[in-house]
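A look at the structure
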Amino acid sequence: MITTSELRETFLIAVAALRANVLRSGLTTLGVVIGIVTVTLMGTAINGLNNAFQKSIATLGSDTLFIQRFAWFSNDDWRVVRNRRPMTMQNARDVERMATLAAAVSVESNFGGTVTYDKKKARGVWIMGNTDRSIDVRGLSIAKGRWFSPAEISSARNVCVLGNYLAERFFPNQSPLGHRVKVNEIQYEVVGVIDKMGTFFTGFNMDNQIVIPVTRFEGDFQERPDYQIIVKVKDVTRLDDAEEELRGIMRKLRRIEPGLPDDFAINRQEAFLNFFRAVGGTIAAVGLFITSLSLFVGGIGIMNIMFVSVAERTKEIGIRKAIGAKRRSILLQFLVEAALITLFAGILGILVAWPLTLVINQFMAAQMSWWLVAIALLVSVLTGVIAGFIPAWRASNLDPVEALRAE
Amino acid sequence: MGSEVVHALRGVSLDIGKGEYVAIMGPSGSGKSTLMNLLGCLDTPSEGEFLLNDKNVATLNDNQLAEIRNREIGFVFQSFNLLPRSDALHNVELPLIYSGVAKGERREMARSALAHVGLENRMHHRPNELSGGQRQRVAIARALVNNPSIVLADEPTGNLDSRTGEEILALFDQLSRKGNTIIVVTHEEEVALHARRVIRLRDGLIAVDELNIRYRTAPTVGGGISPPPIA
Ligand SMILES: Nc1ncnc2c1ncn2[C@@H]1O[C@H](COP(=O)(O)OP(=O)(O)OP(=O)(O)O)[C@@H](O)[C@H]1O
Ligand SMILES: [Mg+2]
């Protein structure tokens, strides 16, 4: 066994050796530093993506099916699918009537437009058409006022509910309720404000929205709006059954001959999940590639410097062995030295990566976590131990008489 | 290493008993240091065998040899072999570190070993801040700090003035009286006089192996030395 006094000696030697060669050791650590920077940045980015994604995905709802013209993230040939017929309001009404596994059905449409109040003008606002059921289907909560009534939807009243950001912007010091805002020159009375929703992981500000009755879409903005039918199922464990039921209903409503493909898509949260996994996987693959490459190059550098260190201290090794140091003591001495070099490189890497994660933090809520720091330090120490092993092994096997003869 | 094979020692056959005090003499290059390296378990013979405490050293593994060097043998090297970046105290502590003596006790032992060689006020000097004789004394203190049963000293008084040299030799005499085995390489006849037995090497061969002149003429007297019988 290695005693504590010997361990202490081992550390003192390693620290003394490092202090004697700060510059030399510093230069060779560059590869390890780069490796650690990449691994921490990658970890932080994936972590941030994960956080943002978890939050955004909740707004989609795991128990929700989206009947739309196009599939999310699909590789469908655009030339084939672009001519698909839009979803109609009638489709939506029929689905609501026929779907037995649905808890609630909402019809939505949206586009980007300009909203004005007095002399204030907001461009690029997410203008949504919703029904009275949308509040449940979308899982929204109301901060002020109320949501639409069924009567307001069926009679297509000029009412609206504002997103939190838009409400703050137009009505900083007063209640927006009862005021009229204009969407494309048509006036809508504000009846409610939605709670703060945050940012979708794509960077889209979901609070910059205005909701109006979907029944106003056709007249006010578009000849034939492209509706989407959103279905909240009763039982999330029967999501597949619900999807099959909806598929059948839709095929019947749209009179698709058996054997012909659907001319619509039923999307769900999972598509985002898969997409996200692919993105995260790509980041991880690229990051790991860069990390392992730079750690490899850095490791070679460390191995080199340890060979130099062993050569320079051959005499010292001889003295220690002559006095009773065992092989493992010498081995440990040089392993600790190599590990300390790479540990410092790791700390340096983290210090470099830290401000960079703050930059990432501008785009998504990403923080360098403690476990990531721990892993990075562990990886750097391991690099040192692996890279230093051959030199240390060689040192420990030196013949004492030969070593003593060295200068 | 040249292409010519050098036989630093050949046909050397000798037997040194426990507690003996032996002086090894001979001209430069005659193989004295080589012999010491063999006796100190640093080197192994390319031919022939060396038995230590009836054990063939060739059969021992690296760790066992390291342990013997650490606990049984105190080696004073001809060229001192001190760690240049460590102070005198740490150099003397080194064998104790490798035998796992705890810090407080270790410090105490190293201090007293340094005091024994008259260096109590030079403990925190590095080798390059010490004179040749002081370095030699640090090397001696390091060799003796672990209370080894065998002391191997290669020219231990080579760099000392006669008075300090005498002090060191008195230390060896004292150790010899306590029953330690002492083997000293020297080229000074006065140093060899302290030993009971003198071995003279020439070109790697034992030229002479005899009792010291004092013991031949008057075996029971001689500076209070009462040597044990030769094994
Ligand atoms: N590694 C080696 N390679 C070749 N020859 C060596 C080696 N070590 C020692 N020798 C030779 O062995 C012979 C004995 O050397 P050694 O060091 O034992 O002499 P010594 O008696 O201690 O001399 P000195 O009194 O000068 O210290 C010398 O001729 C030397 O050149
Ligand atoms: Mg010699």
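Residues numbered from 1 in each chain as written. Chains lettered and ligands numbered in written order. Predicted model: local features only at pLDDT ≥ 70, side-chain atom pairs only at ≥ 80, totals over all residues. Heavy atoms only, no water.

The next subject is the packing of helix 12 (residues 314-323) of chain A against helix 2 (residues 62-71) of chain B. Their axes nearest at 6 Å, the elements helix 12 of chain A and helix 2 of chain B cross at an angle of 80°. One element, helix 12 of chain A, and the other, helix 2 of chain B, form an angle in the roughly perpendicular class. For the pair formed by helix 12 of chain A and helix 2 of chain B, the contact residues are Lys321, Ala322 and Ile323 of chain A on the first element and Asp62, Arg69 and Asn70 of chain B on the second. Partitioned by chemical class, the residues of the contact of helix 12 of chain A with helix 2 of chain B number two nonpolar, one polar and three charged. (Axes fitted to C-alpha atoms, helices over the stretch in contact; angles between N-to-C directions. Helix = DSSP H or I, 4+ residues; strand = E, 2+ residues; numbered from the N terminus. Parallel < 35°, antiparallel > 145°, perpendicular 65-115°, else oblique. Contact = heavy atoms within 4.5 Å. Nonpolar A, V, L, I, M, F, W, Y, C, P; charged D, E, K, R; others polar.)

Contacts between the two partners involve 24 residues from chain B, matched on the other side by 23 residues from chain A. In total, chain B and chain A occlude about 2,200 Å² of area from one another, counting both sides; carbon and sulfur atoms represent 56% of this. The largest contributions to the chain B side of the interface with chain A come from Leu42, Asn81 and Tyr98 of chain B, which together make up 27% of the buried area. A salt bridge links aspartate 62 of chain B to arginine 327 of chain A; its shortest N-O distance comes to 2.9 Å. (Buried area = accessible area lost by both parts, 1.4 Å probe. Salt bridge = Lys/Arg side-chain N within 4 Å of Asp/Glu carboxyl O.)

This brings us to the confidence of the model for chain B. Residues at a pLDDT of 70 or more form 92% of chain B, whose mean pLDDT is 87. A low-confidence stretch, residues 219-231 of chain B stays under pLDDT 50, and its non-local contacts, those more than four residues away or across chains, total 15 contacts. (pLDDT = per-residue confidence, 0-100.)

Right, let's talk about the sheet that holds strand 8 (residues 205-211) of chain B for a bit. Residues and elements named next belong to chain B. Strand order across the open sheet formed by six strands is 4-5-6-1-7-8, with mixed pairing between neighbours. On the outer flanks of this sheet lie strand 4 (73-76) and strand 8, each paired with one strand and no other. Geometrically, the sheet is characterised by an average inter-axis angle of 15° between neighbouring strands, direction not taken into account. Sheet topology note: the strand 5 (residues 150-154)/strand 6 (residues 181-185) ladder contains five bridges and is parallel. Each bridged residue has a counterpart across the sheet, and for leucine 152 the counterpart in strand 6 is isoleucine 183. Strand contacts of helix 1 (residues 32-39): strand 1 (21-25), strand 4, strand 5, strand 6 and strand 7 (197-202), with the helix running at about 160° to strand 5, the strand carrying the most contacts. (Pairing = 2+ DSSP bridges.)

Before going further, it helps to spend a moment on the nonpolar core. Residues Phe148 and Phe334 of chain A together with Ile24, Met36, Cys41 and Leu152 of chain B are the most contacted members of the largest nonpolar core, which totals 97 residues. Among the domains, domain 1 (4-55 + 274-405) and domain 2 (85-263) of chain A are the pair contributing at least three residues each to this core. Those residues in contact with phenylalanine 334 of chain A that lie beyond four places of it in its chain are Met306, Ser309, Val310, Arg313, Ile317, Ala392 and Ala395 of chain A. Within the second largest apolar cluster, 46 residues are counted, among which are Val95, Ala99, Leu101 and Phe171 of chain A. (Core = buried A, V, L, I, M, F, W, Y, C linked by side-chain atoms within 4.5 Å. Buried < 20%, exposed > 50% of the residue type's maximum accessible area, 1.4 Å probe, protein only. Domains from an automatic or database assignment.)

So, on to the coordination of the magnesium ion (ligand 2). Distances from the magnesium ion (ligand 2) to its protein donors, Ser33 of chain B (OG) and Gln78 of chain B (OE1), fall within 1.9 to 2.2 Å. Residue serine 33 of chain B is found in helix 1, and its partner glutamine 78 of chain B is found in the loop between strand 4 and helix 3 (88-98); the two are separated by 45 residues along the sequence. (Donors = N, O, S within 2.8 Å, 3.2 Å for Na, K, Ca; no water.)

Together, Phe344, Ile347, Leu348, Leu351, Val352, Leu356, Val359 and Phe363 of chain A give the surface a local cluster of nonpolar side chains, amounting to about 780 Å² of exposed area. Of note, phenylalanine 344 of chain A is situated in helix 13 (residues 327-363). (Patch = residues over 30% accessible without salt bridge, like charges linked within 9 Å, V, L, I, M, F, W, Y side chains within 5 Å. Areas by Shrake-Rupley, 256 points an atom, 1.4 Å probe, with all protein chains shown as cover.)

With that out of the way, let us pick up the pairing of strand 6 of chain B. Residues and elements named next belong to chain B. Taking burial as the measure, the five residues of strand 6 include five buried ones, the bulk of the element. Side chains Thr181, Ile183 and Val185 project from strand 6 onto one buried face, and the interleaved Ile182 and Val184 project onto a second face that is buried too. Where the polypeptide runs from strand 5 across helix 6 (residues 162-177) and back to strand 6, its parallel neighbour, the crossover connection is right-handed. (Right-handed = clockwise from strand over helix to strand, strands pointing away.)

Below, the discussion takes up the domain arrangement of chain A. You can read the domains of chain A as domain 1 (4-55 + 274-405) and domain 2 (85-263). On a C-alpha basis, the centres of domain 1 of chain A and domain 2 of chain A stand 54 Å from each other.

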